[in-house]
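Residue-level structure breakdown
Residue strings, one per chain:
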Amino acid sequence: MSTDTRQPISIRMHDADNVAIIANDGGLPPGAVLPGGLVLVDRIPQGHKVALVDLPRGAAVLRYNVPIGYALKDIPAGSWVHERLLEMPAARGLDGLPIATVKPPAQGPLQGYTFEGYRNADGSVGTRNILAITTTVQCVAGVVDFAVKRIKAELLPKFPNVDDVVGLEHSYGCGVAIDAPDAIIPIRTLRNISLNPNFGGEVMVVSLGCEKLQPERLLPPGSIPILDRRDVPSGGEVQVEPPLDVVCLQSENHVGFMSMIDSIMQAAVPHLERLDARRRETVPASELVVGVQCGGSDAFSGVTANPAVGFCTDLLVRAGASVMFSETTEVRDGIAQLTSRASTPEVAQAMIREMAWYDAYLHKGMVDRSANTTPGNKKGGLSNIVEKAMGSIVKSGSAPISGVLAPGEKLNQKGLIYAATPASDFICGTLQLAAGMNLHVFTTGRGTPYGLAECPVIKVATRSDLARRWHDLMDINAGRIADGEASIADVGWEMFHLMLDVASGRKKTWAEHWKLHNALVLFNPAPVT
Ligand code: CA
């Protein structure tokens with residue numbers, strides 16, 4: 001491989017940067033000579049930073065042409081620049097930001113790309129054909145899990161066009177302050193997940209009976225798209241909203257556990273019949289709703305995988321698709337970049353509103369955005385949240401930002417969207433599902449086996465070493481960019497074509513192959529009782 005330790009490789013992200021990262025597998029020893037002639041003073045682990053010049057105490061340490069910290073003491077050229085040598089900059093205030101000042105050069109539309117998807121009655125398109133069983137409360141989770149196992153074993157073989165059956169299990173529904181203003185977030189999240197395009201509009205609910213989140217509160221009349229049209233004698237037709245399909249475990253009709261299981265299985269049959277009758281059809285790439293995310297990040301995330309995702313994001317936006325980037329604490333330090341890229345002042349103001357809400361949320365818990373970074377991030381070379389954010393934000397590519405979603409809201413527009421969510425992998429993925437995501441892209445440097453039952457997840461490794469060791473978990477190796485074997489554009493295009501194949505069901509992701517399914521995790525900023 002070209003990351004042979006005998007050929008030192010360092011990567012600088014911007015001409016103005018005074019640090020670079022060491023790309024070689026295993027890092028480099030003291031005495032190693034970089035191509036420009038710089039001799040290393042310390043052993044520097046892979047992904048960690050080397051000082052390219054003498055950095056006097058107090059000097060700004062620049063990466064991505066942004067101060068990621070200030071030297072706490074003199075750092076000679078060739079030294080290892082790690083987090084204990086840096087003071088983190090304060091967060092940029094939310095006043096006086098540049099508003100919609102940057103007009104990225106218009107990139108021509110990308111036409112002619114299609115995939116095979118399931119067209120839904122509401123116009124959305126699924127990439128999978130899944131029966132989802134909505135639950136109102138955690139109390140029913142065990143029963144639903146039991147029923148889902150029997151549906152998979154006994155009913156699914158009779159419906160070969162249905163991909164899977166999934167119980168939408170969660171920890172909400174009771175024991176919570178359901179009238180608190182912020183309770184709207186978990187409630188609309190659950191509602192909108194039930195309506196995800198991959199579920200074909202076939203909503204069925206299992207309720208306990210006594211819970212605070214009653215089925216009618218979760219899915220009030222009018223919330224489910226009307227599928228059923230009936231002829232009326234006058235010669236026209238009328239839309240009839242069918243009653244919400246609910247199995248209530250506390251119903252007096254149930255005598256014994258098996259009666260509950262039988263009810264759930266019987267309720268599933270008509271939904272499975274309708275889903276099974278559907279066929280994939282050719283649809284334009286503009287029907288993709290892609291959520292991008294990173295987790296287990298290292299210093300290569302912002303060098304290889306995330307820039308390739310950013311390139312692919314630009315391709316998707318040019319093709320007319322929707323792309324959501326999220327993870328508020330990982331973009332907070334780049335707020336000025338984002339507000340300047342907003343397509344309108346209203347979009348910039350909506351971003352500031354979401355960031356201010358999140359700042360206040362963290363403040364209430366007596367922390368700030370620096371609570372984001374993990375021991376693994378630091379071991380991987382990311383000194384602090386500023387450096388992590390600069391590498392995270394590049395997933396958003398270069399297109400104008402044309403919309404903002406508050407947590408749990410449903411997306412109803414195309415283009416590049418900032419979906420405000422926590423950076424927690426599971427909460428972010430859950431909220432992107434609620435927004436209507438039908439395809440997920442997840443980059444990782446340290447490695448995570450993340451996957452969702454509700455939507456395919458394409459995983460991208462930032463380093464070739466990870467891609468080799470996790471060869472049956474990683475779908476794309478962006479480490480080839482650091483190895484000098486592929487360009488950012490090469491990997492971006494590879495990702496774009498893989499997305500169309502996965503969306504069409506022609507290819508399965510490794511997470512789908514192994515059925516690796518993380519739990520839905522709701523964002524509930526409201527009190528529990
Ligand atoms: Ca994340």
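Residues numbered from 1 in each chain as written. Predicted model: local features only at pLDDT ≥ 70, side-chain atom pairs only at ≥ 80, totals over all residues. Heavy atoms only, no water.

A word on the domain arrangement of the protein chain. The domain boundaries assigned to the protein chain delineate domain 1 (1-89), domain 2 (130-277) and domain 3 (291-514). Where domain 2 abuts domain 3, roughly 1,200 Å² becomes buried across the two surfaces, and 55% of that area is made up of carbon and sulfur atoms. Applying the counting criterion to the domain 2 and domain 3 interface returns zero salt bridges. Inspection of the region where domain 2 meets domain 3 yields five residue pairs in polar contact (both at pLDDT 80 or more). Those elements that provide at least two residues to the side of domain 2 that touches domain 3 are β11 (164-168) and α2 (184-194). If one sorts the elements of the side of domain 2 that touches domain 3 by residue count, α2 sits on top with five residues. (Domains from an automatic or database assignment. Buried area = accessible area lost by both parts, 1.4 Å probe. Salt bridge = Lys/Arg side-chain N within 4 Å of Asp/Glu carboxyl O. Polar contact = N/O pair within 3.5 Å; in protein donor to acceptor, adjacent residues only side chain to side chain. Helix = DSSP H or I, 4+ residues; strand = E, 2+ residues; numbered from the N terminus.)

With respect to the helices and strands, the residue Pro-400 is situated in the loop between α10 (385-393) and β19 (401-405). Residue Pro-400 is classed as partly exposed on the basis of its relative accessible area, which comes to 35%. C-alpha separation for the pair Pro-400 and Lys-103, spaced 297 residues apart in sequence, amounts to 7.1 Å. Those residues in contact with Pro-400, other than ones at most four positions away along the chain, are Pro-104, Arg-341, Ser-343 and Leu-416. (Buried < 20%, exposed > 50% of the residue type's maximum accessible area, 1.4 Å probe, protein only. Contact = heavy atoms within 4.5 Å.)

All right, on to unusual backbone geometry then. For Ala-100, which is not glycine, the phi torsion reads 50° and is therefore positive. Turning to its location among the elements, Ala-100 is positioned in the loop between β7 (86-87) and β8 (114-119). Even without being a glycine, Glu-327 presents a positive backbone phi close to 65°. With respect to the secondary-structure elements, Glu-327 resides in the loop between β18 (322-325) and α6 (328-331).

Contact geometry for helix α1 (residues 141-155) and helix α4 (residues 257-276): axes closest at 10 Å, N-to-C directions at 55°. Here α1 is positioned oblique relative to α4, judged by the angle of their axes. For α1 against α4, the interelement crossing comes out right-handed. Residue-level contacts link Val-143, Phe-146, Ala-147, Arg-150, Ile-151, Glu-154 and Leu-155 of α1 to Phe-257, Met-258, Ile-261, Asp-262, Ile-264, Met-265, Ala-268, Val-269 and Leu-272 of α4. The class makeup of the residues in the contact of α1 with α4 is 13 nonpolar, no polar and three charged. (Axes fitted to C-alpha atoms, helices over the stretch in contact; angles between N-to-C directions. Parallel < 35°, antiparallel > 145°, perpendicular 65-115°, else oblique. Left-handed = near helix turned anticlockwise from the far one by under 90°. Nonpolar A, V, L, I, M, F, W, Y, C, P; charged D, E, K, R; others polar.)

The next thing to look at is the sheet that holds strand β16 (residues 281-284). Strand pairing within a sheet occurs via backbone hydrogen bonds; the two strands may be parallel or antiparallel. Pairing is antiparallel in the open sheet, where three strands are placed in the order β9-β8-β16. Each edge of the open sheet carries a strand with a single partner, namely β9 (125-126) and β16. Alignment of β8 against β16, held across four bridges, turns out to be antiparallel. Paired with Phe-115 across the strands is Val-283, a residue of β16. (Pairing = 2+ DSSP bridges.)

On to the pattern of salt bridges. Where charged atoms from two side chains of opposite charge come close, those side chains can pair. In the structure shown here, the tally under the stated rule is 23 salt bridges. The salt bridge involving Asp-359 is made with Arg-332; its shortest N-O contact spans 3.0 Å. Residue Asp-359 is found in helix α8 (residues 345-364), and its partner Arg-332 is found in the loop between α6 and α7 (335-341); the two are separated by 27 residues along the sequence. Taking relative accessible area as the criterion, Asp-359 reaches 27% and is therefore assigned partly exposed. The buried category is assigned to Arg-332, whose relative accessible area is 5%. We note a salt bridge from Glu-354 to Arg-353, for which the minimum N-O separation is 2.9 Å. What makes Glu-354 buried here is its relative accessible area of 7%. In this structure Arg-353 comes out as partly exposed when scored by relative accessible area, which is 46%. Overlapping salt bridges bring together Asp-298, Arg-463, Asp-465 and Arg-469 as one network.

Let us look at the packing of aromatic side chains. If you walk through the whole model with that rule in mind, you get 14 aromatic pairs. Measuring from centroid to centroid gives 6.2 Å for Phe-426 and Tyr-450, while their planes differ by 40°, and the two rings are tilted. Of this pair, Phe-426 sits in helix α11 (residues 425-435) while Tyr-450 sits in the loop between β21 (439-444) and β22 (457-461), placing them 24 residues apart in sequence. By relative accessible area, which is 35% here, Phe-426 ends up partly exposed. Counting every residue linked through ring pairs, the aromatic cluster contains Trp-357, Tyr-358, Tyr-361 and Phe-523. (Phe/Tyr/Trp six-rings, centres within 6.5 Å; stacked < 30°, edge-to-face > 60°.)

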